[in-house]
Every structure is written in structure tokens, then in C-alpha cells.
Amino acid sequence: MNITSHVRAIVARSGVRNGLVHIFAPHATGVLALIEDEPGLRKDIVETLKRLIPPDAPYRHPVNAYSHIISMFLAPDRTLPLVDGELVLGTWQSLVFIEADVHARTRRIIVQVVGE
């Protein structure tokens, strides 16, 4: 789920012009990534993760060990610069929330805007 516009809206409401924006997903199996948000690339990412961390391997943890292992390799947080009131991202970068769990859940994202 692309959350870039949501984070930009929070930044705009904050009134902070220069500083840092920290975004955190307080979940054991939810992660944040900076990617080019393109459907083909999203599929490539899912397929690559499945090759690296097979969902059907004989894990000892019941149900969603695969999800927890993915979360070990992908961060649940990102810190981005804020310059002149704008979130600084590369031309093709988007901030996306990745649901790593086997079942979709209601999630929350914490956004802290720090600066002047």
C-alpha cells in the first residue's frame, strides 16, 4: 500500500519546514519500504521474497513463520529528510507499507515530524 501521500499530508499539517520525518509500523509482520511503486516491480519483489524465504518450508513456528522471517530482513521504519516543507524522495521513490503476514490485518502507522 503506497502511503506517500498520507505521510505528505501529515507533514503539511505539522507546520515543520526542515527536519526529519520518522515513519514506524508497530507490527511484528508489517514493514515499510522505499520502492518504485510499479505493479510489475511489486510482483517481482513478492516472487523474490518467496524464493529467498519459501512460505512452505518446514518452519517450527505455527502459521506465519515466513512472515516473521521477512520482517527480520525488511525494516518496520524509515526516516526521511524534510526540506522546505517537502518530504525528500528520489524521482521514482514511494513509501509503501508491505503486509508480510499471511492474513491481512488492520494496521496503524506512526508518523513523527521533528524539526523547525
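Residues numbered from 1 in each chain as written. Predicted model: local features only at pLDDT ≥ 70, side-chain atom pairs only at ≥ 80, totals over all residues. Heavy atoms only, no water.

(A) Spatial organisation of the overall build of the protein chain. Along its length, the protein chain carries three helices and six strands. Listing each helix as α and each strand as β along the protein chain from the N terminus yields α-β-β-α-α-β-β-β-β. Seen through its principal axes, the protein chain has C-alpha atoms that stretch 50 × 25 × 20 Å. Buried residues in the protein chain amount to 28% of all 116 residues. When the accessible surface of the protein chain is summed, it comes to about 7,300 Å², and 57% of that surface belongs to carbon and sulfur atoms. Between the centroid of the 12 positive side chains of the protein chain and the centroid of its 12 negative side chains there is a distance of 6 Å. (Helix = DSSP H or I, 4+ residues; strand = E, 2+ residues; numbered from the N terminus. Buried < 20%, exposed > 50% of the residue type's maximum accessible area, 1.4 Å probe, protein only. Areas by Shrake-Rupley, 256 points an atom, 1.4 Å probe, with all protein chains shown as cover. Lys, Arg positive; Asp, Glu negative; His and termini not counted. Charge placed at Lys NZ, Arg CZ, Asp CG, Glu CD.)

(B) Representation of the pattern of salt bridges. Tallied over the entire structure, the rule returns three salt bridges. In this structure, the salt-bridge partner of Arg42 is Asp37, at a minimum N-O distance of 2.5 Å. Using a relative accessible area of 32% as the deciding quantity, one classes Asp37 as partly exposed. The partner of Asp101 in a salt bridge is Arg105, with the nearest N and O atoms 2.7 Å apart. For Asp101, a relative accessible area of 10% puts it in the buried group. (Salt bridge = Lys/Arg side-chain N within 4 Å of Asp/Glu carboxyl O.)

(C) The arrangement of the pairing of strand S1 (residues 19-24) in detail. Pairing of S1 with strand S3 (residues 77-83) involves six bridges; the strand directions are antiparallel. Bridge pairing in S3 links Leu20 to Pro81. In this structure, S1 lies alongside strand S6 (residues 110-115), joined through six bridges in antiparallel fashion. Within S6, the position partnered with Phe24 by the bridge is Ile110. (Pairing = 2+ DSSP bridges.)

(D) Up close: the nonpolar core. Ranked by internal contacts, the top residues of the largest apolar core, which has 15 residues, are Ile3, Val7, Val21, Ile23, Leu32, Leu87 and Leu95. For this core, the secondary structure elements donating two or more residues are helix H1 (4-14), S1, S3 and strand S5 (94-99). When near neighbours in sequence (up to four residues on either side) are disregarded, Val7 contacts Val21, Ile23, Leu87, Leu95 and Val111. (Core = buried A, V, L, I, M, F, W, Y, C linked by side-chain atoms within 4.5 Å. Contact = heavy atoms within 4.5 Å.)

(E) Main features of the pairing of strand S2 (residues 30-35). With five of its six residues buried, S2 lies for the most part within the structure. When S2 meets S5, the two strands line up antiparallel, connected through six bridges. The residue bridging Ala33 from the neighbouring strand is Val96, located in S5.

(F) Quick peek at the sheet that holds S6. As summarised here, the arrangement of the four strands in space is S4-S3-S1-S6, forming an open sheet in which the pairing is antiparallel. In the strand order of this sheet, the two ends are held by strand S4 (86-87) and S6, each with one partner. Seen against the sheet, H1 touches S1, S3, S4 and S6 and runs at an angle of roughly 40° to S6. (Axes fitted to C-alpha atoms, helices over the stretch in contact; angles between N-to-C directions.)

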